[in-house]
Amino acid sequence: MSDVVWADEIAARLHVVEHRIAEIRRQVGRPRASVRLVAVSKRKPAAAIRAAYALGLRDFGENYAQELRDKSVELADLPDLRWHFIGPLQRNKVKLIVGRTALMHTVADPALIAALQERAARSGERLAVLVQLNLAGEQSKSGITADQLAETLARLDAADHLDCAGLMTMPPPADEPATIAPYFVRLRELLEAHQPTQGPAFRELSMGMSDDLEVAIEAGATLVRVGSAIFGARV
Ligand SMILES: *Cc1c(COP(=O)(O)O)cnc(C)c1O
């Protein structure tokens, strides 16, 4: 498929997504700047990202460290593009993302925190991170439990090259907004509970994807991670 066809399809889908976001913002009374769209470009070619960039998108999410590295090299001519890392990360891959990533969404276990801190310190970088919560306790997903949040934040406070900017979650798959909403509300409550000690920079809530972005924005999402609704189904 040619890049021109992609560009047309992405433009049409993006229009729908932006309309959905604007509509729910209006309904719940949240200002435009309070919700940022992260376009999840995993397993999509660099040309698709270029097309989305030309349409005004600047935040792109990737799940695989190697893929983020390769695309950041290929798209290095787009200087204000911000990469978000949103997948599970093995410790031996931290070098691929530190120095390239504007926000790392999936920080959880102590070993990963230590590896990110060590790498960022060694290259003289700072890295903004979110703590991933696994609020339903699903075996298949990474993330800490709510009980572990205070100690995780303390560990991040001690890591002087990491800046904790908020929280991220991915609820269990469900069709009903009523089933999903409590997880998003819980994440917001956890953010609010720790804001007094963490300070104003601790303010991001990364939650909501193609199918549930409305539910997430209503609950307070500041970053929605939208893939297939913008780029089409992943094969
Ligand atoms: C793939 C992915 C998304 C995007 O999912 P869509 O349903 O395609 O919007 C969002 N967040 C994470 C963590 C993902 O892995």
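Everything that follows concerns the structure shown earlier in this document.
Because the structure is a prediction, the values reported are computed rather than measured. (Residues numbered from 1 in each chain as written. Predicted model: local features only at pLDDT ≥ 70, side-chain atom pairs only at ≥ 80, totals over all residues. Heavy atoms only, no water.)

Around the ligand, 13 residues are found, and the nearest of them are Lys 42, Ser 210, Gly 227, Ser 228 and Arg 234. Separating an oxygen atom of the ligand from a side-chain N or O atom of Asn 63 is a distance of 2.9 Å. Ser 228 is positioned such that a nitrogen or oxygen atom in its backbone is 2.8 Å from an oxygen atom of the ligand. Across the complex, the protein chains shield 91% of the 390 Å² of accessible surface that the ligand would expose by itself. When atoms are counted within 2 Å of each cavity's grid points, the one that captures over half of the ligand is the largest pocket. Residue classes in the shell around the ligand are distributed as six nonpolar, four polar and three charged. (Near = heavy atom within 4 Å. Polar contact = N/O pair within 3.5 Å; in protein donor to acceptor, adjacent residues only side chain to side chain. Areas by Shrake-Rupley, 256 points an atom, 1.4 Å probe, with all protein chains shown as cover. 1 Å grid on protein atoms, 1.4 Å probe; cavity = no way out; pocket = protein on both sides within 12 Å on 5 of 7 lines; lining within 4 Å. Sits in = over half its atoms within 2 Å of the grid points. Nonpolar A, V, L, I, M, F, W, Y, C, P; charged D, E, K, R; others polar.)

One non-glycine residue, Arg 43, adopts positive backbone phi at about 60°. On the secondary structure map, Arg 43 appears in the loop between strand S1 (36-40) and helix H2 (46-54). Looking at Arg 43, the relative accessible area reads 44%, which means it is partly exposed. (Helix = DSSP H or I, 4+ residues; strand = E, 2+ residues; numbered from the N terminus. Buried < 20%, exposed > 50% of the residue type's maximum accessible area, 1.4 Å probe, protein only.)

The subject of this paragraph is the layout of surface pockets. Put simply, the largest pocket is a space of about 640 Å³. Along its surface, the largest pocket is lined by 31 residues, and Lys 141, Met 170, Pro 171, Met 209 and Arg 225 are the ones closest to its centre. When its residues are assigned to classes, the lining of the largest pocket shows 14 nonpolar, nine polar and eight charged. Computed from the structure, the second largest pocket encloses a volume of approximately 360 Å³. For the second largest pocket, the lining is made up of 14 residues, of which Glu 18, Arg 32, Val 35, Arg 36 and Leu 37 are closest to its centre. (Points joined across faces, edges and corners; volume = space filled by probe spheres on them.)

This brings us to helix H6 (residues 149-158). Burial in H6 covers these residues: Leu 149, Thr 152, Leu 153 and Leu 156. All buried residues of H6 project into a common sector of 100° when viewed along the axis, lining one side. Away from its buried face by more than 90 degrees, H6 exposes Asp 157 and Ala 158. Those residues of H6 that are buried lie in contact with strand S4 (101-107), helix H5 (110-122), strand S5 (127-133), strand S6 (162-169) and helix H7 (177-198). (Arc of directions from axis to C-beta. Contact = heavy atoms within 4.5 Å.)

The next subject is the pairing of strand S2 (residues 59-62). What you see with S2 is no split at all: Asp 59 and Gly 61 on one side and Phe 60 and Glu 62 on the other are buried throughout. In this structure, S1 lies alongside S2, joined through two bridges in parallel fashion. If you follow Val 40 over to S2, its bridge partner there is Gly 61. Where the polypeptide runs from S1 across H2 and back to S2, its parallel neighbour, the crossover connection is right-handed. Pairing geometry for S2 and strand S3 (residues 82-85), over four bridges, is parallel. Residue pairing for S3: Gly 61 is matched across the bridge by His 84. (Pairing = 2+ DSSP bridges. Right-handed = clockwise from strand over helix to strand, strands pointing away.)

Scanning all chains against the criterion turns up 18 salt bridges. Ionic pairing is found between Arg 36 and Asp 59, a salt bridge with its closest N-O pair at 2.9 Å. With Arg 36 in strand S1 and Asp 59 in strand S2, this pair connects stretches of sequence that are 23 residues apart. For Arg 36, a relative accessible area of 30% translates into the label partly exposed. (Salt bridge = Lys/Arg side-chain N within 4 Å of Asp/Glu carboxyl O.)

These figures come from the coordinates and say nothing about function on their own.
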